[in-house]
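Topology and contacts: notes
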Amino acid sequence: MSSQTPQTVDLMHLGQPGAIAAHLFDGVIVDPGCEKTVDRVVAALGDEAPRAILLTHIHFDHAGGTGRLVQRYPDVEVWVHERGAPHMIDPSRLVASARGVFGEHFDFLWGEVIPVPERNIRTLAGGESEGEWEVAYTPGHAKHHVCYLHRPTGTAFTGDVTGVRIEGGPAFPPTPPPDIDVALWHDSLDLVSAWEPRRLAFAHFGQTTADVPAQIEMVHRALDRFAEVAGSTDAAGMAEWIRGWLGER
């Protein structure tokens, strides 16, 4: 793993390239993805054992493979917000709730969700600073979302806060229920912007150095527009509108 530039690992979820990424950087895994794709992270690590797994939040596409990785690397430390930590230690309630949404497709989509031993967990509140790393509490997408800044390289690992952006297309906010809070999301974007990062590394998908402020501003604008439309339509109408919005761009 390079000490200067994060490595984006394409997790090829369900065989789809460019959809979900993990990032490897300086002995750290950021958002390893789900258990179904964890072997791609292991392959990218090679012979190197990671010292830490940094979770931006505990949604399965970002964190579901963490327990499997801890089984393989039993000394690795897992950083996670204090609201998410109990669900990493005992994921049973989280999984039961998700099975109510995904039904019989849950295992196919995400694989097995393995508990993380409490001894491996480092709980975060936001505001922590350790060595070259800074942590910020960044709710809006999820109540337990954090972002990480690697100060020497100016790299902000932003999970879903700075949006979904595929192949340089428009950046837009992923808005699954139940935690969406538009006002808090704007505040979180402002917090990331205040870091003045030179690079964004995000899960869906990749990295950017060319237009960091522009991507953050795109998410600000799209978040307000999405919220406006959501107030006047149902779920099916919202999905159709988003497809049209993306197609136009």
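Residues numbered from 1 in each chain as written. Predicted model: local features only at pLDDT ≥ 70, side-chain atom pairs only at ≥ 80, totals over all residues. Heavy atoms only, no water.

**Quick look at unusual backbone geometry**
- Residue Phe205 is reached from His204 by a cis peptide bond, and omega for that bond is 10°.
- In this structure, Met12 is a non-glycine residue whose phi angle is positive, near 50°.
- Its location among the elements puts Met12 in the loop between strand S1 (7–10) and strand S2 (21–25).
- Phi at Asp26 takes a positive value of approximately 55°, unusual for a residue other than glycine.
- Mapped onto the secondary structure, Asp26 falls in the loop between S2 and strand S3 (28–30).
- Overall, the relative accessible area of 28% leaves Asp26 in the partly exposed class. (Helix = DSSP H or I, 4+ residues; strand = E, 2+ residues; numbered from the N terminus. Buried < 20%, exposed > 50% of the residue type's maximum accessible area, 1.4 Å probe, protein only.)

**A short note on the pairing of strand S9 (residues 146–150)**
- Most of S9 sits out of view: five of its five residues are buried.
- By the alternation rule, side chains of S9 split into Val146, Tyr148 and His150 and Cys147 and Leu149, which are all buried.
- Looking at chain direction, strand S8 (residues 133–137) and S9 are connected through five bridges and run antiparallel. Bridged to Glu134 within S9 is Leu149.
- Of the strand pairs in this sheet, S9 and strand S10 (residues 155–159) are connected by three bridges, and their pairing is antiparallel. For Leu149, the partnering residue across the bridge sits in S10 and is Ala156.
- Connecting the antiparallel pair S9 and S10 is a turn made up of four residues, with Gly154 showing a positive phi of about 65°. (Pairing = 2+ DSSP bridges.)

**What to know about the sheet that holds strand S7 (residues 129–130)**
- The mixed open sheet is built from six strands, whose spatial order is S7-S8-S9-S10-S11-S12. Taken across any chain shown, the strands that pair with only one partner, and hence form the sheet edges, are S7 and strand S12 (206–208).
- In this fold helix H7 (residues 182–194) packs onto S8, S9, S10 and strand S11 (199–202), with an angle of close to 160° to the strand it touches most, S8.
- Of the strands in this sheet, S11 and S12 are in contact with helix H8 (residues 212–230), which crosses S11 at around 50°. (Contact = heavy atoms within 4.5 Å. Axes fitted to C-alpha atoms, helices over the stretch in contact; angles between N-to-C directions.)

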